[in-house]
Amino acid sequence: MVRQLGELENAIMTRVWRWNRPVTVREVLLDLQSEREIAYTTVMTVLDKLHRKGWLRRERAGRAYRYEPVSSREAYTAALMNDAWATSDNPAAALVHFFGLMSPEQREALRDALRVAALFPSDPAADPPTGDSAQDAPDSAGPDTGETAPGTTR
């Protein structure tokens, strides 16, 4: 049941992103009914749940609501992956199993993403220094131009 709900959430979010405009419950329902039998109240409940989770914003349109995405598909996918990973008692083992499920193309995409992430560390202060001592730290004054940095003497 939980997996089916997750699949339905994904199916609905996919439609909302694809349409790239505010949508009503009825529009989503009619599109989903081309693939499966589903009740109006089920679609309404899932759209409301996605709104409460913060993935959709909604605006009144008469007696109904119009829903639109708050974030990108990529951000949504990342949050789902993070939520799934957070449920593990052993996150490292979960990652090892996850990597084992990946195709070669997915592993290459992961390598690319890690390279990009390394270019933009989220907290540079948390990164340990790479040298063994203060002597290894780069000269903050830059190249010697013959000028003295403000507040220092030669």
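See above for the structure.
Remember, predicted model here, so these are calculated numbers, not experimental data. (Residues numbered from 1 in each chain as written. Predicted model: local features only at pLDDT ≥ 70, side-chain atom pairs only at ≥ 80, totals over all residues. Heavy atoms only, no water.)

Can you break down the pattern of salt bridges residue by residue, with the values?
Taken as a whole, this structure holds 12 salt bridges when the rule is applied. Several salt bridges share partner residues, and in doing so they unite E108, R111, D112 and R115 into one network. (Salt bridge = Lys/Arg side-chain N within 4 Å of Asp/Glu carboxyl O.)

Requested: an account of unusual backbone geometry, with residues and values cited.
Only a minority of non-glycine residues have a phi that is not negative, and only a minority of peptide bonds are not trans. Despite not being glycine, N20 shows a phi value in the positive range, around 55°. Inspection of the secondary structure assignment puts N20 in the loop between α1 (2-19) and α2 (25-33). N20 gets classed as exposed once you look at its relative accessible area, which sits at 67%. (Helix = DSSP H or I, 4+ residues; strand = E, 2+ residues; numbered from the N terminus. Buried < 20%, exposed > 50% of the residue type's maximum accessible area, 1.4 Å probe, protein only.)

Describe the pairing of strand β1 (residues 56-61), listing the residues and the values that go with them.
Bridge analysis of β1 against strand β2 (residues 64-69) gives 6 bridges, and the strand direction is antiparallel. Within β2, the position partnered with R58 by the bridge is Y67. In this antiparallel pair of consecutive strands, β1 and β2, the connection spans 2 residues, and G62 shows a positive phi of 70°. (Pairing = 2+ DSSP bridges.)

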